[in-house]
Amino acid sequence: PAVWAAAMESAVALQAGDLQAAHAQLAQQVDGAGEPPVLAAWLMQSDLQLLDGDGPAAVNTLRTALARHWPAHPALVAQLARVQLLTDRVEEAQATLAGTSDASDGGLALVRAELARRQGNGPAAIAAYTEATARMPGDARVWQGLGSAHVEREETGPARKALGQALALDAQTPGAQGERG
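Figured I'd write up the structure that's included with this text. Quick caveat, the model's predicted, so the values are computed rather than measured.

Some thoughts on the pattern of salt bridges
Tallying each qualifying case throughout the model produces 7 salt bridges. A salt bridge links Asp88 to Arg118; the shortest N-O distance between them is 2.4 Å. Of this pair, Asp88 sits in the loop between α5 (74-86) and α6 (90-98) while Arg118 is found in helix α7 (residues 106-118), placing the two residues 30 residues apart along the sequence. Since its relative accessible area comes to 41%, Arg118 is described here as partly exposed. One salt bridge in this structure joins Asp139 and Arg141, with 2.6 Å as the shortest N-O distance. For Arg141, a relative accessible area of 48% corresponds to the partly exposed category.

Laid out in structure tokens, this is it:
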């Protein structure tokens, strides 16, 4: 469908570093113009808004997508909570996640772990990262987070194992080699 082709064109523009073209394409897709909505376009739009330093716009985009098109969609909820965390709205992120019941989604598990870590709750962070590794074993981010949480608790063995897994999945994982030592 044409709407998916447009979403792919936006993704290609992002990968090529053409943020202006991506902005224009995504704004048009999110506005809709009678076309069916594409979840990926809304998520990319919120990413760009956050990249531009406009956290409130990213939050608004995600809340609008949840209200208009995909109520309680786990990818949108996780992205909303992540944007809230990244813009220092920790209590809002906690409230956003408290309203979710999908315990099987890896993205939600990852952002729950990030929230627990941000709040200084090491055991909860490790539990949530461990859950995320079970749900998304091929995602280096979850292993990196688990390893970092272990580093913070000075648990060298588990930290090195998790960070090694992150590096095995993606040798360019930011910070993993440094934390692994």
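Description of the packing of aromatic side chains
Going through the model one piece at a time under the given rule, you end up with 1 aromatic pair. Considering the side-chain rings of Trp42 and Trp70, the 6.3 Å spacing of their centres and the 80° angle between planes classify their relative orientation as edge-to-face. Residue Trp42 is found in helix α3 (residues 39-51), and its partner Trp70 is found in the loop between α4 (55-68) and α5; the two are separated by 28 residues along the sequence. With relative accessibility at 2%, the residue Trp42 sits in the buried group.

Thoughts on α6
The set of residues buried in α6 consists of Ala93, Thr96 and Leu97. End-on, the buried residues of α6 take up no more than an arc of 95°, which puts them together on one face. Looking at α6, the residues exposed on the side facing more than 90 degrees away from the buried face are Glu91, Ala95 and Ala98. If you follow the buried residues of α6, they end up packed against α5 and α7.

A short note on the nonpolar core
Counting 22 residues, the largest nonpolar core has Leu62, Trp70, Leu76, Leu97 and Val111 as its most contacted members. Of all the secondary-structure elements, those providing two or more residues to this core are α3, α4, α5, α6 and α7. Top contributing element to this core by residue count: α5, with 7 residues. Setting aside anything within four residues of it in sequence, one finds Leu62 in contact with Leu43, Ser46, Leu76, Gln79, Leu80 and Val83. Ala125, Ala140, Leu146 and Ala166 belong to the second largest nonpolar core, which has 17 residues in total.

Conventions adopted
- Along each chain, residues carry numbers from 1 onward, in the same order as the chain's sequence is written.
- With pLDDT at 70 or above as the cut-off, local features in this predicted model cover only qualifying residues; side-chain atom pairs require 80 or more to be listed or tallied, and sums for whole chains, interfaces and linings still use all residues.
- Hydrogen atoms and water are omitted, and side-chain values are computed over all heavy atoms in the structure.
- A pair is scored as a salt bridge if a Lys or Arg side-chain nitrogen falls within 4 Å of a carboxyl oxygen belonging to Asp or Glu.
- Under the scheme used here, helices are H or I runs from DSSP no shorter than 4 residues and strands are E runs no shorter than 2 residues, and both carry numbers assigned from the N terminus.
- Only protein chains enter the accessibility calculation, which uses a 1.4 Å probe. A residue is then buried if its area is under 20% of the maximum for its type, exposed if over 50%, and partly exposed in between.
- A pair of Phe, Tyr and Trp rings is counted when the ring centres sit within 6.5 Å of each other, with Trp represented by its six-membered ring. The angle between the planes then sorts it: under 30 degrees is stacked, over 60 is edge-to-face, the rest tilted.
- Taken from the helix axis, the directions to the C-beta atoms give the arc we talk about.
- We call two residues in contact whenever any of their non-hydrogen atoms come within 4.5 Å of each other.
- Only buried residues count toward a nonpolar core. Its members are Ala, Val, Leu, Ile, Met, Phe, Trp, Tyr and Cys residues joined through side-chain atoms within 4.5 Å.

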